[in-house]
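# Overview (structure and organization)
Here are the chains, one letter per residue:
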Amino acid sequence: MENPKRKPPRRKDDRVILHFDLDCFYAQCVEHQQPALKALPLGIRQKGILATCNYVARHRGVNKLMTLAEAKRLCPDLVVVEGEDLTPFRNVSKQLYALLRSYSWSGKVERLGLDEIYLDVTDMVAYNVELLNRNCLNQSYFCLSRADPEQGFQYDATVFSGCVYGDDGAASAAQGLHGDLVDNALYIRLLLASHLARYLRLKIEEEGYTTACGISTNKLLAKLVGNKNKPRNQSTLLGLRDETVFSFMDSHGLRKVPGIGSKITRILEGFVLGKEMDPNIHSMDCSVTAGQARAHPSIQSPAVLDKLLGGPGSERGLAGKVWSLLHGVDDTEVKPARDVPTQISIEDTYRGLNEAPEIRREMALLSASLLRRMHLDLIEDDHATPAQGHAHTQSSMSVMVSRRWLACPKTVRLTTRPYTSPTDGKPYDWARASRSAPLPSYVFSFTITSEQIVEKLVAEILLPLFYKLNPSPKGWNIGLINVCVTNMAGGDGGGVRDIGAMFRRQDDVLREFTAYDSTASPSPFAGAQAERKTPLTSESVSGASSQGDDMELCPLCELYLPRFALAAHERFHTMEEDGS
Ligand code: DCP
Ligand code: MG
Ligand code: MG
């Protein structure tokens with residue numbers, strides 16, 4: 001029974017949200033290239049850990065983020081493929097995002113990391129509810145285009161597609177026994193959405209990839225319910241009553257609720273269990289469920305939570321947000337699709353660089369990767385005749401291909417920090433500092449080679465920035481270098497029409513080369529799309545793996561990982577935040 005004193009927050013159920021999560025994503029990308037691997041246990045390696053593994057391997061006891069040594073012990077015939085280069089994964093991600101986006105009417109299509117996509121399909125579902133013929137539900141037609149009634153698919157509206165989760169007659173709903181529910185607007189909307197989800201999953205399968213999908217009325221619930229049946233399946237949360245949604249939320253471990261991080265978990269766990277939590281115990285292992293926190297007799301309202309979670313430096317409105325999440329309430333919108341990222345960055349970690357030639361070499365490697373990323377994410381190839389003035393034309397066979405920059409970053413930022421060892425007791429991001437400068441226009445040239453661009457960029461921009469950041473002639477002990485391009489021009493969809501003019505204007509304003517302190521956030525993850533390159537050489541990896549308990553805490557999720565694997569792991573968080 002609900003405590004009569006507590007007033008649950010109101011959940012809005014007027015939207016329909018789909019959440020897609022690709023199955024064992026990196027592994028699927030590799031299998032797509034080498035189909036013979038599908039039948040074998042496959043792990044994707046980043047340094048000494050598995051970023052992921054396919055489901056054949058999972059059935060053999062191998063798991064995501066397992067160390068390679070442990071995975072090999074459990075499954076000696078595991079096929080291991082290097083997954084350091086994210087380019088192929090990013091390409092597939094873009095391809096599938098574009099596919100789903102092409103079906104959206106509202107344009108509300110949001111990426112979360114590389115393998116998850118939210119779709120707000122409220123409008124498509126509402127339109128198709130109107131088209132339903134209640135006398136002939138089993139021969140319904142889902143219209144995918146308002147303009148073209150022939151674009152669509154047939155479906156049976158007497159039954160949900162896929163799994164149904166919840167206690168409002170979910171079992172009967174799955175078997176097509178509607179009863180009175182057929183007159184319930186939310187029930188019908190979710191039912192139609194389940195068919196749309198299936199159709200879209202099949203479209204993704206036509207491209208060669210399988211997904212899980214969650215269907216509900218907000219992002220939180222759609223993501224959580226999608227996890228219920230993986231891989232290659234979908235689940236609808238049929239939450240017609242508050243109690244159904246509460247009991248669904250209650251069953252999750254606190255830390256499994258998106259939006260409830262390790263710090264909040266620790267505080268709530270300690271409060272529920274009535275004891276100080278051991279900071280050495282990982283928050284992922286928290287035994288307290290969302291239900292225990294929600295139903296705790298002393299947590300009656302957000303005001304109580306505020307006393308627990310508030311305090312100096314805490315996020316404004318945090319208690320209210322957590323209170324809502326515990327009740328399955330999440331009003332955040334699915335963000336409209338964006339063509340270009342707000343910034344792109346690439347970084348690498350080192351065990352203390354001290355020599356100028358090493359710095360120059362690493363900067364050249366980073367810049368080359370950054371340039372490749374910029375080409376991938378910011379240049380559009382099309383086969384139309386290029387407009388005058390902004391496109392370079394290549395002739396290949398008889399096909400004319402025009403290339404143009406969709407957006408041009410105007411600023412480059414260099415960040416460095418010294419190397420610290422885990423025994424130094426320094427925070428991970430200790431002494432991180434940044435400097436910025438205008439990004440020169442030759443970076444966007446299609447006529448000079450990438451090698452030339454990189455060389456000029458390093459010599460003329462990055463090294464001077466480096467010396468400003470690290471003025472002392474020696475003892476740099478560099479542990480990280482990050483190069484970031486930001487301040488995008490033309491990212492509003494219009495592209496950049498005349499790069500020359502844009503930079504001439506910029507040069508007028510910034511006649512002299514200037515370097516200035518950036519207001520970069522101290523978080524290593526603040527930059528959208530920060531990417532770690534190969535953090536250590538293969539020699540140092542093997543050295544690191546012999547270090548036994550050289551473990552380090554991920555500052556974001558507090559997972560303890562081998563230090564050598566941390567960079568690859570953090571890269572994942574960055575993508576999670578920014579949908580790179
Ligand atoms: N990834 C990573 N580091 C992590 C978690 C994930 O590099 N700490 C990468 C590898 C995954 C991809 O991101 O393939 C997507 O992450 P998911 O958590 O969705 O895992 P998978 O898609 O691999 O598996 P699942 O089928 O469980 O979704
Ligand atoms: Mg995922
Ligand atoms: Mg996945």
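Coordinates for the structure precede this section.
Just so it is clear, the structure is predicted and the values come from calculations on it, not from any experiment.

For the rest of this paragraph, the subject is the coordination of the magnesium ion (ligand 3). For the magnesium ion (ligand 3), the protein coordination sphere consists of Asp21 (OD), Leu22 (O) and Asp115 (OD), at 2.0 to 2.2 Å. The site at the magnesium ion (ligand 3) holds six donor atoms, and with the angles between them running 83 to 172°, its shape is octahedral. A spacing of 3.4 Å is found between the magnesium ion (ligand 3) and the magnesium ion (ligand 2), which share Asp21 as a donor. Of the two residues, Leu22 is situated in strand S1 (residues 17-22) and Asp115 in the loop between strand S5 (109-112) and strand S6 (116-120); the sequence distance between them amounts to 93 residues. The class of Leu22 is buried, set by a relative accessible area of 5%.

Two numbers describe how helix H12 (residues 302-309) lies on helix H13 (residues 318-326): the axes approach to 8 Å, and their chain directions differ by 120°. Judged by the inter-axis angle, H12 sits oblique to H13. Between H12 and H13 lies a crossing of right-handed hand. Residues Pro302, Leu305, Asp306 and Leu309 of H12 form the contact with H13, whose participating residues are Leu318, Ala319, Gly320, Val322 and Trp323. Residues that form the contact of H12 with H13 fall into these classes: seven nonpolar, one polar and one charged.

Here we have three strands laid out as an open sheet, ordered S3-S2-S4, and mixed in their pairing. Each edge of the sheet is formed by a strand with only one pairing partner; in this case those strands are strand S3 (49-53) and strand S4 (79-82). Averaged over all pairs of adjacent strands, the angle between their axes in this sheet comes to 40°, without regard to strand direction. Pairing between strand S2 (residues 42-46) and S4: four bridges, direction parallel. Bridge pairing in S4 links Arg45 to Glu82. Lying on the sheet, helix H1 (residues 25-33) is in contact with S2, S3 and S4; it crosses S2 at an angle near 110°.

The next thing to look at is the pairing of strand S8 (residues 152-155). Here S8 shows one buried face, formed by Phe153 and Tyr155, and one open face, formed by Gly152 and Gln154. By the bridge criterion, four bridges tie strand S7 (residues 140-143) to S8 in an arrangement that is antiparallel. Paired with Cys143 across the bridge in S8 is Gly152.

Our next topic: the side chain of Thr211. Within the secondary structure, Thr211 sits in strand S10 (residues 211-216). Excluding its chain neighbours within four sequence positions, the residues that come into contact with Thr211 are Phe20, Asp21, Leu22, Asp23, Arg201, Ile204, Arg232 and Asn233.

Rules of the game
- Residues numbered from 1 in each chain as written.
- Chains lettered and ligands numbered in written order.
- Predicted model: local features only at pLDDT ≥ 70, side-chain atom pairs only at ≥ 80, totals over all residues.
- Heavy atoms only, no water.
- Donors = N, O, S within 2.8 Å, 3.2 Å for Na, K, Ca; no water.
- Tetrahedral: all angles 85-135°; square planar, octahedral: opposite > 155°, others 65-115°.
- Helix = DSSP H or I, 4+ residues; strand = E, 2+ residues; numbered from the N terminus.
- Buried < 20%, exposed > 50% of the residue type's maximum accessible area, 1.4 Å probe, protein only.
- Axes fitted to C-alpha atoms, helices over the stretch in contact; angles between N-to-C directions.
- Parallel < 35°, antiparallel > 145°, perpendicular 65-115°, else oblique.
- Left-handed = near helix turned anticlockwise from the far one by under 90°.
- Contact = heavy atoms within 4.5 Å.
- Nonpolar A, V, L, I, M, F, W, Y, C, P; charged D, E, K, R; others polar.
- Pairing = 2+ DSSP bridges.

Just geometry here; none of it tells us what the structure is for.
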